[in-house]
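Understanding the architecture of this molecule
Residues per chain, in single letters:
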Amino acid sequence: NHARFGATVTEGLQDFEQTTTLEAKVVAIEYGGNDCNLNWDSISRAPEQPHDAATPLDLFEETLGRFVQAVRDRGLQPVLITPPPLLAQRFVDWVSKGLNGSAILRFLGDVEHVYRWQERYSIVVRKVAYTLSCHLFDLRDAMLARMDYPQLCGVDGMHLTEAGHRVLADVVEQRLPLVYG
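Let us look at the structure shown here. Sequence order as written defines the numbering, with residues in each chain counted from 1. The model is predicted, so local features are restricted to residues of pLDDT at least 70 and side-chain atom pairs to those at 80 or more, both for listing and for counting; the totals for chains, interfaces and linings are taken over all residues. To get the side-chain values, all heavy atoms of the structure are used, and hydrogens and water are removed first.

1. Here we look at the overall build of the protein
Of regular secondary structure, the protein possesses nine helices and three strands. Segments assigned H or I by DSSP are reported as helices when at least four residues long, segments assigned E as strands when at least two residues long, and all are numbered from the N terminus. Overall, the protein shows an N-to-C arrangement of helices and strands of α-β-α-α-β-α-α-α-β-α-α-α. Compactness check: the protein gives a C-alpha radius of gyration of 17 Å against a globular reference of 16 Å for 181 residues, within 12% of the reference. Counting only C-alpha atoms, the protein reaches 50 × 35 × 25 Å along its principal axes. Looking at the protein as a whole, 43% of its 181 residues qualify as buried. A separation threshold of at least 6 residues defines the contact pool for the protein, and within that pool the share at least 24 residues apart is 75%. In this treatment the radius of gyration is a C-alpha quantity, and the globule benchmark scales as 2.2 Å times the residue count to the 0.38 power. Accessible area is worked out with a 1.4 Å probe on protein chains only. A residue is then buried under 20% of its type maximum, exposed over 50%, and partly exposed in between. Residue contacts follow a heavy-atom distance rule, with two residues in contact if any of their heavy atoms lie within 4.5 Å.

2. Focus on the side chain of S44
One can find S44 in helix α2 (residues 40–45). In contact with S44, other than residues within four places in its own chain, are L99, N100, A103 and I104.

3. With respect to the packing of helix α3 (residues 57–73) against helix α6 (residues 113–131)
Whenever a helix is involved, its axis is fitted only over the stretch in contact; in every case the axis is a line through C-alpha atoms, and angles between N-to-C directions fall within 0 to 180 degrees. Their axes nearest at 10 Å, the elements α3 and α6 cross at an angle of 35°. As α3 runs across α6, the sense of the crossing is right-handed. Seen from α3, the contacting residues are L57, F60, E61, L64, G65 and V68; seen from α6, they are R120, Y121, V124, V125, K127 and V128. Among the residues forming the contact of α3 with α6, the class breakdown is eight nonpolar, one polar and three charged. In this scheme, a crossing is called left-handed if the near helix is turned counterclockwise away from the far one by less than a right angle; it is called right-handed if the turn is clockwise. Classification convention: Asp, Glu, Lys, Arg as charged; Ala, Val, Leu, Ile, Met, Phe, Trp, Tyr, Cys, Pro as nonpolar; all other residues, Gly among them, as polar.

Here it is, written out as structure tokens:
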């Protein structure tokens with residue numbers, strides 16, 4: 001398990017390439033949430049300026065494709081995983097702590113823009129899976145289908161709670177055997 005909070009797809013690919021031994025048949029690749037993150041401090045100081053994501057969308061797509069190929073080159077099966085959805089208001093409240101929240105909202109235009117921004121990264125995950133004929137585990141869809149998703153998402157609007165992780169485990173148990181049964 002090479003999972004790490006805060007990692008981007010570029011860091012994940014570098015870690016994978018540096019790992020010499022893997023005792024697995026399947027490699028789960030879930031990125032997008034940290035890649036789409038913005039420098040909120042810079043935005044709060046200069047909301048009128050353009051600000052790019054930690055990993056610009058085109059680089060995200062290209063790197064994700066390279067990651068899939070690197071997994072296949074080792075004779076392993078990649079499975080792409082969409083990031084869970086944000087709860088926009090909670091997320092904006094969280095990232096605005098100690099910053100100029102009104103400037104951040106000016107940059108976003110509306111609080112829901114952050115949800116749409118992250119959705120584009122999820123769309124790219126689906127696109128890469130389709131284009132490269134890679135298995136897809138649509139975690140985003142599984143969570144959006146839940147009426148109780150707000151209770152499964154933490155105060156920061158992005159990370160799952162303990163109950164959310166239990167639901168995630170159940171979803172994995174139900175859906176992955178359909179892919180790798």
